[in-house]
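A closer look at the structure
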Amino acid sequence: MESTLSDGAAPATVNNDEFVRRNLRWNFGVNLQDIIFITLGLSLISRETVMPVLVRQLTDSKIAIGLIPAVFALGFYFPQLFSANFSERLRYKKPFVAFIGGVGERTPYLLIGLCVWSLAAPSPMLTLVIFFALIGLAAGSAGFATPAWFDMIAKVIPVNRRGLWSGLGHGIGALLGVAGAYFVGRILETYAYPNNFALLFGLAFGMTVISWIGLLLTREPPSETVKERIPLGRYLGQLPQVLGRDGNYRRFLLSRTTVQLGAMAVGFFTASAIDRFTLEGVNVGLLTGVLVGSKAVMNLLWGVLADRLGHKLVLTCSAFVMALATLLAWNASSQTWLVIAFFLLGAYLAADEVSALNIILEFCQPADRPTYIGLTNTLLAPVLILAPIIGGALAEWLGYAPMFLIALAILAVGGLMMLLWVREPRQMAR
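Computed from a predicted model, the values in this text were never measured in an experiment.

Within the protein, the regular secondary structure consists of 18 helices and two strands. Taken over C-alpha atoms, the radius of gyration comes to 21 Å for the protein, in line with the 22 Å a tight globule of 430 residues would show. Taken along the three principal axes of its C-alpha coordinates, the protein extends 60 × 45 × 40 Å. A burial count over the protein gives 60% of its 430 residues as buried. When contacts within the protein are restricted to residue pairs at least 6 apart in sequence, those whose partners lie at least 24 apart make up 89%. Here the protein has roughly 16,700 Å² of accessible surface; of this, 68% comes from carbon and sulfur atoms. If you average the places of the 31 positive and of the 24 negative side-chain charges in the protein, the two averages end up 4 Å apart.

So, about the environment of E362. Mapping E362 onto the fold places it in the loop between α15 (358-361) and α16 (369-397). Linking E362 and E424, residues 62 residues apart in sequence, is a C-alpha distance of 9.2 Å.

Let us now look at the packing of aromatic side chains. Enumeration according to the criterion identifies 18 aromatic pairs in this entry. Each ring, one from W149 and one from W165, has its centre 6.2 Å from the other, and the planes form 50°; the classification is tilted. With W149 in helix α6 (residues 124-156) and W165 in helix α7 (residues 159-190), this residue pair connects regions lying 16 residues apart in the sequence. In terms of burial, W149 and W165 fall into one category: buried.

Attention shifts here to the confidence of the model for the protein. Caution applies to low-pLDDT parts of the model: their predicted coordinates are not meant to be read in detail. On average, the protein scores 85 in pLDDT, and the residues at 70 or more come to 94%. Averaged pLDDT values for the elements of the protein fall to 40 in strand β1 (residues 10-11) and rise to 95 in helix α8 (residues 195-216). Note that residues 1-14 has pLDDT below 50 and, in this model, 42 contacts with residues that lie over four places away or in other chains.

Another point: the packing of helix α1 (residues 17-43) against α8. Between α1 and α8, the shortest axis-to-axis distance is 7 Å and the interhelical angle comes to 165°. By the criterion of interaxial angle, the relationship of α1 to α8 is roughly antiparallel. Handedness of the crossing formed by α1 with α8: left-handed. Residues V30, Q33, D34, F37, I38, L40 and G41 of α1 form the contact with α8, whose own contacting residues are A204, M207, T208, I210, S211, W212, I213, G214 and L215. Across the contact of α1 with α8, the residue classes tally to 10 nonpolar, five polar and one charged.

The buried fraction of helix α4 (residues 80-87) is high, at six of eight residues. Along α4, the residues that are buried comprise Q80, L81, S83, A84, N85 and S87.

Here we come to the pattern of salt bridges. Taken as a whole, this structure holds eight salt bridges when the rule is applied. D34 is the partner of R106 in a salt bridge, and the nearest nitrogen-oxygen pair spans 3.4 Å. With R106 in helix α5 (residues 94-119) and D34 in helix α1, this residue pair connects regions lying 72 residues apart in the sequence. The buried category is assigned to D34, whose relative accessible area is 5%. We note a salt bridge from E353 to K295, for which the minimum N-O separation is 3.1 Å. On the criterion of sequence distance, the pair formed by E353 in helix α14 (residues 335-355) and K295 in helix α12 (residues 281-309) is long-range, its members being 58 residues apart.

Okay, the nonpolar core next. One finds F131, F269 and L345 to be the most contacted residues of the largest nonpolar core, which totals 78 residues. Looking at which element gives the most residues to this core, the answer is α14, with 11 residues. With sequence-adjacent residues up to four places away left out, F269 is seen in contact with M322, A325, T326, A329, A341, F342, L345 and F404. Counting 40 residues, the second largest nonpolar core, distinct from the first, contains V156, I359, F363 and I373.

Taken together, the side chains of L110, L111, L114 and W117 make up a nonpolar region of the molecular surface, amounting to roughly 390 Å² of accessible area. Locating L111 in the fold gives a position in helix α5.

Further remarks concern the environment of G202. With respect to the helices and strands, G202 occurs in helix α8. On the basis of relative accessible area, G202 is assigned to the partly exposed category, the value being 30%. Along the backbone, G202 and V184 are 18 residues apart, and their C-alpha atoms lie at a distance of 12 Å.

You can see T218 is positioned in the loop between α8 and β2 (225-226). There is a polar contact of 3.3 Å between the side chain of T218 and the side chain of N31. Polar side-chain contacts of T218 include one of 3.1 Å to the backbone oxygen of L215. If sequence neighbours within four positions are ignored, T218 has contacts with N27, V30, N31, K94, M152 and V156.

As a further point, take the side chain of S46. Note on placement: S46 falls in the loop between α1 and α2 (50-58). Classification of S46 by relative accessible area gives buried; the value is 4%. If we ignore the near neighbours within four places in the chain, the residues touching S46 are M51, P52 and L291.

Rules used throughout
- Starting afresh in each chain, residues are numbered from 1 along the sequence in its written order.
- Reporting of local features is limited, given that this is a predicted model, to residues whose pLDDT is at least 70; pairs of side-chain atoms are given and counted only at 80 or more, and all residues count toward the totals for whole chains, interfaces and linings.
- With hydrogens and water stripped out, all remaining heavy atoms of the structure feed into the side-chain values.
- Segments assigned H or I by DSSP are reported as helices when at least four residues long, segments assigned E as strands when at least two residues long, and all are numbered from the N terminus.
- Atoms counted for the radius of gyration: C-alpha only. Globule rule: 2.2 Å times the number of residues to the power 0.38.
- Remark: exposure states derive from per-residue accessible area (1.4 Å probe, protein chains only) relative to the maximum for the residue type, with buried under 20%, exposed over 50%, and partly exposed in between.
- By definition, residues are in contact when any of their heavy atoms lie within 4.5 Å.
- Here the accessible surface of atoms and residues is derived via Shrake-Rupley with a 1.4 Å probe, and residues count as covered only by protein chains that are part of the display.
- We score Asp and Glu as negative and Lys and Arg as positive, and we do not count His or the chain ends.
- Charge positions are represented by NZ for Lys, CZ for Arg, CG for Asp and CD for Glu.
- Each Phe, Tyr or Trp ring, with Trp reduced to its six-membered ring, pairs with another whose centre is within 6.5 Å; inter-plane angles below 30 degrees give stacked pairs, above 60 give edge-to-face pairs, and intermediate values give tilted ones.
- Scored from 0 to 100, pLDDT records how confident the predictor is in each individual residue.
- Interaxial angles span 0 to 180 degrees and are taken between N-to-C directions of axes, which are lines fitted to C-alpha atoms, for helices over the stretch in contact.
- Roughly parallel means an angle under 35 degrees; roughly antiparallel means over 145; roughly perpendicular covers 65 to 115; every other angle is labelled oblique.
- For any helix crossing, the convention is left-handed if the near helix is rotated counterclockwise from the far helix by under a right angle, and right-handed if that rotation is clockwise.
- Think of it as three bins: nonpolar holds Ala, Val, Leu, Ile, Met, Phe, Trp, Tyr, Cys and Pro, charged holds Asp, Glu, Lys and Arg, and polar takes everything else, Gly as well.
- By definition here, a salt bridge exists when the distance from a side-chain nitrogen of Lys or Arg to a carboxyl oxygen of Asp or Glu is within 4 Å.
- For our purposes a nonpolar core is just a set of buried Ala, Val, Leu, Ile, Met, Phe, Trp, Tyr and Cys residues, chained together by side-chain atoms within 4.5 Å.
- Within the patch definition used here, like charges are joined within 9 Å and nonpolar side chains (Val, Leu, Ile, Met, Phe, Trp, Tyr) within 5 Å, considering only residues with over 30% relative accessible area and no salt bridge.
- We define a polar contact as two N or O atoms separated by no more than 3.5 Å, with the added condition that, inside protein, one atom must be a possible hydrogen donor and the other a possible acceptor, whereas residues neighbouring each other in sequence contribute only through side-chain atom pairs.

Here is the structure:
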């Protein structure tokens, strides 16, 4: 495939193939550490189980629960296109990624813990505002660093090992999260509110610091091509060329948009279960354990499948898996069916972790990777932001059951679009 945005590229003075081969085992290991421990840390404060319960303690609003994934999506996806222009001009990505990922992405979890500990009881609404502001900061920092970070990953881990790396890292992190889920339940039951949630956020911060150390240990070669600095307006003006030239990429974006709209139901699995089954702390820990355990198993399976058959197949299967999970959450007559629904939800989330970013790298040339990552995620940002808010509004006005039914129908359409309309980019490149 032709590079569409590679004007002004300057060749590096060295060939990196030997460097990558010589350091592959080291870089694979330290970046596994990064993924494993950030996955473990975030599982302790899961956006699908723990955060909705905290928000329910602070307010009765269902829309506020929908704001959890919406704020995260706004912070994570919106800044990527703007940082991509900067990232493509960096010969070394790690210093930039390490600074943003350390200060902006991880520190907010410590601050949330301190805020909940000191303010949740006397000032719940102030705590809620600060919570969303800090979640937005953490997500925004992660998003701002993502184009540079994943370009660094693409430099140090070959294409036929990225699915294994992603699946193994997220899988082991989720497997550790199964044990962590036991402690989530115990902490929620043993410690009084709000100290229980404050402790969980403090522990999550500690795990993410360990992951950051792995990032710092990465041995990164210089980029073989870097682009000249150009004004942001000119850079943005080039982007329609990408959509204009690649019809398969456009079809992929439309299919992903549809699936992500159907995923409006994700944040409401726990909230609806609380209303129907009166879940306690131990039950929340159990569902968290099922969720992260499913992610542990499915990350490995999706990773192997993606390396062998492509990421498009993984994303197609995940759309139908999420549709089935939504069907079960809608019709669950007992906690047993709810457990199965959470297992399938974990499988869907695992597929996203393995393939959502990796497939983007296969639509473009190496010099354009940050732009494609930023462009894709920025174009998906509106639906990722609005979908959970729409889901919350539907749940508020119509109830959970109609919202789940609408989400199910949209997921089925999105899965069919990905299956029948999008071609595997790896096969097209060959």
